[in-house]
Amino acid sequence: MRLDLNHLDLSFGETPVLNGLSADPIDCGTLALIGPSGGGKSTLLRVIAGLLIPDAGEIRLDGDPLPKNEDALREYRKRVGTVFQSYNLFLHLDALTNLVLPMTVVHGVPPIEAESRAMELLERFRLTDHAYKRPRELSGGQQQRVAILRALAIRPRLVLLDEPTSALDPEMAAQVLDMVAELADEGIPVILVTHQLAFAKSAADTICFLHQGRIQAQSSADEFFTHPPTEASQRFVETVLKY
Amino acid sequence: MGSRSWEFPLSLTPTNTDSQPRLIPWLLLGVVLVAGLFYGALHSVAYVWDFEAVWQYRQKFFTGWWVTIRLAAASLVLSTLFGLLTALARRSSRAPLRAAALGYVELVRGTPLLVQILLLYYGVANAVGMDNRYVAGVVILSLFAGAYIGEIIRAGIESVPGSQIESARALGFSDVQVYRFVILPQAGRQVLPALTGQFVSLIKDSSLLCIIGVEEFTLSARQINSNTYSTLESYLPLAFGYLLLTLPLSLFTARLEERLRYAA
């Protein structure tokens, strides 16, 4: 995946959230966005997901600029798998149907094919027993894993994860992170927002540190954690890793 | 001292509040008590029942009842359609649509149904050449119930969490698809109890159409009463006739609610 972020501005009302955000050209498999709360990580992820349109600036994914009108953005979103913090799955549908519905409705996959594709994925990630359960009957970790599968079922060019483990206990979080690591191993490009620095360190190859609506530091994961490039990023890493 | 502690009678844990088999004995007991109360009251004023005169008009009861069923069924469908359109208009991005829907809802909710029936029938329906009082009745009743149903559906739509909508958008659903596959099915489950109440009201409200000469169930009973002077004997079947329509509706939706239950 190649990602260019150039001079992005975005405000919610009077509050600027992205503040002339730019990055050196990013060329990697897994990118982790880290930084303190309110720094613009989730907003940047939503902009990359095509859910928010920046007020100014440009994003290019593999060289193509992201469209700026809703119809074209919807086409773009069809090829991007996005998973949020929690409550992703459609509450009125069982796990299997959650996977099948986007394939049939959005991508026109014939229902039988969609179902077999969905079952294959559930089987691969040992979730077959839960295929006919609705989200409220699943644990938080199972819900997130099904949500990730739903994002994969549409064969995305890119998977975006917004703090996928923040609402989970450590064991469930580990299950979800295992799954994310597996995606990365398979070569599916992933951008994730995370507070789990240990995970970012092991799974991501590039780290962007966001603070006050800008990318304040950017480097390879190894380098970032051994020699944080800026004072702010160093302080952040020290604070988070302290406990 | 008893060892049993007092228990707060309102449960905060989700219980299956409808269609519980153990409610049935209590319901039956209630029916017996109410019937006994009425019987006692009428007995004390020495009311003499005489169903003979009324029995001769049984065909008229059935005809009226059948008209009410058809009026209610047609209004149920039409008012749901009006309600759905109103709810969507209330959420439209276009200000004139939102204003029109709001005006309609407030106007209908703020005025008595009786006045609406008279004004719309003798004013508007006659002016546009809608001569059939049954058709006019259905339209008027649907306009009335549609305003309430619109607000019920709107509340249901707004109860769907924003994260559900964002998830659907992120997957590439179009606005129409988000409504069709995510919002409406979830809102539908939420609004079912309120909607049932509104439908039950609608069936009973159809009785007001008798003022424009629609020969439905209530008008039949009134005519039978004025022919026979047997007031209670004329109106008692009316009560049963309406219950016969409203109870199955309530039971049916309670079942449906059970089937659509997805939240713990």
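In this report, the structure presented in the accompanying data block is examined. All figures in this text were calculated on a predicted structure; none of them were measured in a lab.

**Looking at the overall build of chain B**
Reasoning step 1: The secondary structure content of chain B amounts to 10 helices and 0 strands.
Reasoning step 2: Tracing chain B from N to C terminus, the helices and strands come up as α-α-α-α-α-α-α-α-α-α.
Reasoning step 3: Against the 2.2 N^0.38 benchmark of 18 Å for 264 residues, chain B shows a C-alpha radius of gyration of 23 Å, more extended than a compact globule.
Reasoning step 4: Counting only C-alpha atoms and orienting by the principal axes, one finds that chain B spans roughly 75 × 70 × 30 Å.
Reasoning step 5: Burial analysis of chain B (264 residues in total) assigns 37% to the buried set.
Reasoning step 6: Look at the contacts in chain B between residues 6 or more apart in sequence, and 77% of them connect residues 24 or more apart.
Reasoning step 7: With 20 positive and 16 negative side-chain charges, chain B shows a separation of 6 Å between the mean positions of the two kinds.

**Some remarks on the pairing of strand β11 (residues 214-220) of chain A**
All names here are of chain A.
Reasoning step 1: Sheet topology note: the strand β10 (residues 206-211)/β11 ladder contains 6 bridges and is antiparallel. Paired with Ile207 across the bridge in β11 is Ser219.
Reasoning step 2: Hairpin connection from β10 to β11: 2 residues lie between these consecutive antiparallel strands, with Gln212 at a positive phi of about 50°.

**Digging into helix α1 (residues 41-48) of chain A**
All names here are of chain A.
Reasoning step 1: Within α1, 7 of the 8 residues are buried, which leaves it mostly tucked inside the rest of the structure.
Reasoning step 2: When α1 is considered as a whole, its buried residues turn out to be Lys41, Thr43, Leu44, Leu45, Arg46, Val47 and Ile48.
Reasoning step 3: One or two residues past the end of α1 sits Gly50, with phi positive at roughly 80°.

**Some details on the sheet that holds strand β8 (residues 158-162) of chain A**
Residues and elements named next belong to chain A.
Reasoning step 1: Pairing in this open sheet of 6 strands is mixed, and the strands run β7-β8-β9-β4-β10-β11 from one edge to the other. Here the strands that pair on one side only, and so sit at the sheet edges, are β7 (80-83) and β11. Geometrically, the sheet is characterised by an average inter-axis angle of 15° between neighbouring strands, direction not taken into account.
Reasoning step 2: With 4 bridges connecting them, β7 and β8 associate as parallel partners. Bridge pairing links Val83 to Leu161 in β8.
Reasoning step 3: Its contacts with the sheet place helix α9 (residues 231-242) against β4 (30-34), β10 and β11, and it is angled at close to 100° to β10.

**Topic: the interface of chain B and chain A**
Reasoning step 1: Between chain B and chain A, the contact holds 22 residues from the first and 22 residues from the second.
Reasoning step 2: Each partner contributes to the roughly 2100 Å² buried at the junction of chain B and chain A, and carbon and sulfur atoms together form 57% of this total.
Reasoning step 3: Taken as a group, B:Arg169, B:Leu171 and B:Tyr262 account for 30% of the area that chain B buries against chain A, more than any other trio of residues on that side.
Reasoning step 4: Where chain B packs against chain A, one counts 2 salt bridges.
Reasoning step 5: Of the charged contacts in the structure, one is a salt bridge between B:Glu166 and A:Arg46, with a shortest N-O distance of 2.6 Å.
Reasoning step 6: Seen at the junction of chain B and chain A, the total is 9 residue pairs in polar contact (both at pLDDT 80 or more).
Reasoning step 7: Residue assignment for the side of chain B that touches chain A shows that the elements contributing at least two residues are α7 (162-170), α8 (175-205) and α10 (231-260) of chain B.
Reasoning step 8: Counting residues per element, the side of chain B that touches chain A draws most heavily on α7(B), at 7 residues.
Reasoning step 9: Residues of the side of chain B that touches chain A, tallied by class, amount to 11 nonpolar, 7 polar and 4 charged.

Rules used in this analysis
Residues numbered from 1 in each chain as written. Chains lettered and ligands numbered in written order. Predicted model: local features only at pLDDT ≥ 70, side-chain atom pairs only at ≥ 80, totals over all residues. Heavy atoms only, no water. Helix = DSSP H or I, 4+ residues; strand = E, 2+ residues; numbered from the N terminus. Rg over C-alpha atoms; globule rule 2.2 N^0.38 Å. Buried < 20%, exposed > 50% of the residue type's maximum accessible area, 1.4 Å probe, protein only. Contact = heavy atoms within 4.5 Å. Lys, Arg positive; Asp, Glu negative; His and termini not counted. Charge placed at Lys NZ, Arg CZ, Asp CG, Glu CD. Pairing = 2+ DSSP bridges. Axes fitted to C-alpha atoms, helices over the stretch in contact; angles between N-to-C directions. Buried area = accessible area lost by both parts, 1.4 Å probe. Salt bridge = Lys/Arg side-chain N within 4 Å of Asp/Glu carboxyl O. Polar contact = N/O pair within 3.5 Å; in protein donor to acceptor, adjacent residues only side chain to side chain. Nonpolar A, V, L, I, M, F, W, Y, C, P; charged D, E, K, R; others polar.

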